Amino acid sequence: MSRFTDHAGRPVIAITGAGVVSSLGSGKDENWAKLTAGQSGIHRITRFATDHLRTTIAGTVDFMSPPEAGSVALSYAMAEFAALEAIAESGLSQSEFGGPLFLAAPPVELEWWQRIALDADGAKSGGEPGYQRLLHAARTGSHPAFFQSAQFGTIASRLQQRIGTRGLPITLSTACASGATAIQLGVEAIRRGEAERVVAVGTDGSVTSEALVRFSLLSALSTQNDVPEKASKPFSKDRDGFVMAEGAGALVMESLESATARGATVLGILEGCGECADDFHRTRSKPDGSPAIAAVRAALDDAGVSTGDVGYINRWTMEITNNSRHYSIPLVAGRRIAQIVFFETGPILDTDYAASGKYQASGLDLGALKRSWEPTQMLPRLYADRDI
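From a predicted model like this one, the values you see are computed outputs, not experimental measurements.

Reading guide: rules and limits
Residues numbered from 1 in each chain as written. Predicted model: local features only at pLDDT ≥ 70, side-chain atom pairs only at ≥ 80, totals over all residues. Heavy atoms only, no water. Helix = DSSP H or I, 4+ residues; strand = E, 2+ residues; numbered from the N terminus. Contact = heavy atoms within 4.5 Å. Areas by Shrake-Rupley, 256 points an atom, 1.4 Å probe, with all protein chains shown as cover. Core = buried A, V, L, I, M, F, W, Y, C linked by side-chain atoms within 4.5 Å. Buried < 20%, exposed > 50% of the residue type's maximum accessible area, 1.4 Å probe, protein only. Expected span 1.5 Å × (residues − 1). Arc of directions from axis to C-beta. Axes fitted to C-alpha atoms, helices over the stretch in contact; angles between N-to-C directions. Left-handed = near helix turned anticlockwise from the far one by under 90°. Nonpolar A, V, L, I, M, F, W, Y, C, P; charged D, E, K, R; others polar. Parallel < 35°, antiparallel > 145°, perpendicular 65-115°, else oblique. pLDDT = per-residue confidence, 0-100. Pairing = 2+ DSSP bridges.

**As for the overall build of the protein chain**
Line of reasoning, step 1. Summing up its helical and strand segments, the protein chain has 12 helices and 11 strands in all.
Line of reasoning, step 2. Long-range contacts, defined as pairs at least 24 residues apart, comprise 72% of the intrachain contacts of the protein chain with a sequence gap of at least 6.
Line of reasoning, step 3. Carbon and sulfur atoms make up 55% of the accessible area of the protein chain, which totals about 20400 Å².

See the structure below:
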């Protein structure tokens, strides 16, 4: 183990660039300013009609591409912006990046207007409306743009040409873990010596009426439409589902030795990754939390650290079931960390909430806030932790 190698003799992974797009805006500065001002990215859907939908709210990104362009175009636009921001921060070339691309993208399918156009073409040759008519129209080759947009690797292929990555771009989809998987693949490529630097991107612009219907059929979406900005509340007893949203994120990672040699600013060190499949159910996690436990333990082992070394956990939950009652995190990290991720919540503490908001009352400008910010400030202030 040296400055440039970890406990297993592998290259230390440095993060030298980051980019983001969310329903709050494009870029880290805009997102940070709005987040610290207490703004929510959840709002009423205006992109398409919601008259007959149970859920009418989402975190749609309505400023990156025209609505009629479809979800693939939006997913690409967000991926491109996030990647370019990350590469710019890293100080590397935005047109000749020179390393591999790992892209997490949503499953691709034809938009409804594309299906309708194919059906209209197929009707010219007769036959009943249906799948066979669509296939017949598709085989004529009259809509090459439709074919291109329906290819799973389309976004990565376009992004590769834009930023000049090397090798065959990897597109992957592992459901909600896709972004983390893209990061891990990039880490492993550097550790194996296949690349000195990589860019990992996650993008998803697939909030459509059909997607809302599908998740609604699973009883997965919140229907608390009256106050959109308060509908997403994963650790509240009165939550009734999750809120769909769109966005993209990107990280430039490279070996610490490479970053140091070119004088790059290191934003952070990625010490370990872990993953585990959960085959219990299509939409529900295994009740005993064993897959999540295995993933966390794998990450700790990969980093060569123990649970006592962990000081903060950024927890994700789908909000479909009461995930806060699963013992996945406490079993691995202990009670101290369990309290940090709000394993259970108690009454509201009056002393923990200011009417003017958590950050607005601080009197700090954005620059001062950034300089003084610590991860513990991400902890919610409305509830008291209970021991478990």
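So that's the structure; there's more coming.
**Considering the environment of Ala-58**
Line of reasoning, step 1. With respect to the helices and strands, Ala-58 occurs in strand β4 (residues 57-58).
Line of reasoning, step 2. Between the C-alpha atoms of Ala-58 and Pro-228, which are 170 residues apart in sequence, the distance is 7.8 Å.
Line of reasoning, step 3. When near neighbours in sequence (up to four residues on either side) are disregarded, Ala-58 contacts Gly-41, Ile-42, His-43, Ile-45, Val-207, Val-243 and Met-244.

**With respect to the environment of Gly-91**
Line of reasoning, step 1. Mapped onto the fold, Gly-91 is located in the loop between α2 (71-90) and β5 (101-104).
Line of reasoning, step 2. Counting along the chain gives 172 residues from Gly-91 to Gly-263, while the straight-line C-alpha distance between them is 9.3 Å.

**Some points on the nonpolar core**
Line of reasoning, step 1. Leu-103, Leu-159, Val-199, Val-201 and Val-252 are the most contacted members of the largest nonpolar core, which totals 26 residues.
Line of reasoning, step 2. The set of elements that each furnish at least two residues to this core consists of α2, β5, α6 (154-163), β7 (197-204) and β8 (247-255).
Line of reasoning, step 3. Per-element tally for this core: the top contributor is α2, with 10 residues.
Line of reasoning, step 4. Excluding residues that lie within four positions of it along the chain, Leu-103 makes contacts with Ala-79, Ile-155, Ala-156, Ile-170, Thr-171, Leu-172, Val-201 and Thr-203.
Line of reasoning, step 5. In terms of nonpolar packing, the next biggest core, distinct from the first, is built from 17 residues, Ile-13, Leu-172, Ala-189 and Leu-251 among them.

**A short note on helix α3 (residues 112-123)**
Line of reasoning, step 1. Over its 12 residues, α3 runs 16 Å from end to end, which matches the ideal 16 Å to within 8%, given 1.5 Å per residue.
Line of reasoning, step 2. Among all positions of α3, only Gln-114, Arg-115, Leu-118 and Gly-122 are buried. All buried residues of α3 lie within an arc of 100° about the axis, which places them on one face of the element.
Line of reasoning, step 3. Those residues of α3 hidden inside the fold are in contact with α4 (131-139), α5 (144-149) and α8 (209-217).

**Structural notes on the packing of α2 against α6**
Each packed pair of helices is defined by two parameters, the angle between the axes and the distance between the axes.
Line of reasoning, step 1. For the pair α2 and α6, interaxial distance at closest approach is 10 Å and the crossing angle is 35°. Remark: the crossing between α2 and α6 carries right-handed chirality. Residues Val-72, Ser-75, Tyr-76, Ala-79, Glu-80, Ala-83, Leu-84 and Ile-87 of α2 pack against Ile-155, Arg-158, Leu-159, Arg-162 and Ile-163 of α6.
Line of reasoning, step 2. Among the residues making up the contact of α2 with α6, the classes are represented as nine nonpolar, one polar and three charged.

**Some details on the packing of α3 against α4**
Line of reasoning, step 1. Running from N to C, α3 and α4 cross one another at 85°; their axes reach a closest spacing of 8 Å. The angle between α3 and α4 falls in the class roughly perpendicular. Counting all contacts with α3, which are made through Arg-115, Leu-118, Asp-119, Asp-121, Gly-122 and Ala-123, the residues of α4 involved are Arg-133, Leu-134, Ala-137 and Ala-138.
Line of reasoning, step 2. Grouping the amino acids of the contact of α3 with α4 by side-chain chemistry returns five nonpolar, one polar and four charged.

**Here we look at the confidence of the model for the protein chain**
Line of reasoning, step 1. Summarising the model, the protein chain shows a mean pLDDT of 83, and 80% of its residues fall at 70 or more.
Line of reasoning, step 2. Throughout residues 317-328 the model reports pLDDT below 50, and contacts reaching past four residues in sequence, or to other chains, amount to 37 contacts.
Line of reasoning, step 3. Low pLDDT, under 50, characterises residues 335-364; the stretch is placed with 70 contacts to residues that sit more than four places away or in other chains.

**Quick look at the pairing of β7**
Line of reasoning, step 1. Where burial is concerned, most of β7 is hidden: seven out of the eight residues are buried.
Line of reasoning, step 2. For β5 and β7, the ladder comprises four bridges, and the chain directions are parallel. Residue pairing for β7: Leu-101 is matched across the bridge by Val-199.
Line of reasoning, step 3. Sheet topology places β7 next to β8; eight bridges connect them, and they run antiparallel. Following the sheet pairing, Ala-200 is matched in β8 by Leu-251.

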